[in-house]
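Geometric and topological summary
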Amino acid sequence: MPHGPLLQEITCGTMIAMIRHLDWVNRYVAGQQDRVWHEMRQLGSRVREPAFAAEAQAVCDEMARRARSNIETLVARLREQGYRFHQNDDDQTPTEPYTPPDPKAEELLHWLEQRLGPLPMVLSSWIRIVGDVWLVGTHPQWPNSAAADPLVLELAGSRYPNSDIREYFAEEIEAWQEDQDEPFLLPVAPDHFHKDNVSGGGPYGIILPDASADAHFVGEARMPLVAYLNWTFRHGGFPRPTADQAQWQVIRQLRKDLHRL
């Protein structure tokens, strides 16, 4: 009976052979999202192998299309409710909450890969298909809505057409290279304190390099990026509880019929 490394090799080979015949895209669309993500995460960097890569990327792209639809729905509903989208500054400077990716998305992806190595497949999908989202603002029936950790993901730099997000990322990479005790964290959002214009901790981010399908998101806790997004959308884009009963009334209206990723 095989044992040790040989048994591990056989077990891994058996798992790969089984997964190879699983129809990820169709199963994902049919409602088996959790199971599909579990199987792809189990593969780690092996998801890049020819037997899996195309199907895995297709799932990530479908996830991004659903996320984009959710964001567009949330923005439209919030506007209907009189929500003011603004920066996290004292003046509450008005801002656009969502900007689709610009034509330089592929160029940004290539630039990041050159400097940091492989990017998670979901990161590629988000930058190419979704763009940037910023739901910080103030709701007329819920004045402390900015304290609820509203969804922010700024990966593509599309919200800032007059500047290049690569300059910001380059500064972060340079600072990290001087002291590489920890993995590089690509900053993608202010923490929940800064979103509410209060001094807080470090930014939310994604750990790179990573050749997996899903990304490692670092926020209030570490979790897969897709798990974070599903958690956020289940709460209408505002996942952190506040002491205002109006929050639950607003969220019930916002989260209705949003896609599961």
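Data block above holds the structure.
Predicted model, so just to flag it, every value in this text is computed and none were measured.

Along the polypeptide, arginine 166 turns up in helix α7 (residues 165-177). Here aspartate 164 takes part through its side chain, which lies 2.9 Å from a polar atom of the side chain of arginine 166. Apart from the residues lying within four places of it in its own chain, the contact partners of arginine 166 are Glu107, Leu108 and Trp111.

Before going further, it helps to examine the pairing of strand β6 (residues 184-189). The two faces of the sheet receive side chains in turn, since in a regular strand these alternate between them. Extensive coverage of β6 is indicated by the burial of 5 of its 6 residues. Direction of pairing for β6 relative to strand β7 (residues 204-208): antiparallel, over a ladder of 5 bridges. Along β7, the bridge assignment pairs leucine 186 with isoleucine 206.

All right, on to a negative patch on the surface then. Side chains of Glu167, Glu171, Glu174, Glu178, Asp179, Asp181 and Glu182 sit close together on the surface and give a patch of like negative charge. On the secondary structure map, aspartate 179 appears in the loop between α7 and β6.

Right, let's talk about unusual backbone geometry for a bit. Trans is the common state for peptide bonds, and a negative phi is the common state for residues other than glycine. Cis geometry marks the peptide bond from leucine 208 to proline 209; its omega dihedral reads 0°. You can see proline 209 is positioned in the loop between β7 and β8 (216-218). In this model, aspartate 149 sits at a positive phi of 55°, which is unusual for a non-glycine residue. Tracing the backbone shows aspartate 149 in the loop between β4 (137-138) and β5 (152-154). Positive phi, close to 65°, is recorded for aspartate 257, a residue that is not glycine.

Counting buried positions over the 5 residues of β7 gives 5, a clear majority of the element. Here β7 runs beside β8; their pairing, made up of 2 bridges, is antiparallel. Residue pairing for β8: isoleucine 206 is matched across the bridge by phenylalanine 217.

Calculation rules
Residues numbered from 1 in each chain as written. Predicted model: local features only at pLDDT ≥ 70, side-chain atom pairs only at ≥ 80, totals over all residues. Heavy atoms only, no water. Helix = DSSP H or I, 4+ residues; strand = E, 2+ residues; numbered from the N terminus. Polar contact = N/O pair within 3.5 Å; in protein donor to acceptor, adjacent residues only side chain to side chain. Contact = heavy atoms within 4.5 Å. Buried < 20%, exposed > 50% of the residue type's maximum accessible area, 1.4 Å probe, protein only. Pairing = 2+ DSSP bridges. Patch = residues over 30% accessible without salt bridge, like charges linked within 9 Å, V, L, I, M, F, W, Y side chains within 5 Å. Areas by Shrake-Rupley, 256 points an atom, 1.4 Å probe, with all protein chains shown as cover. Salt bridge = Lys/Arg side-chain N within 4 Å of Asp/Glu carboxyl O. Lys, Arg positive; Asp, Glu negative; His and termini not counted. Charge placed at Lys NZ, Arg CZ, Asp CG, Glu CD.

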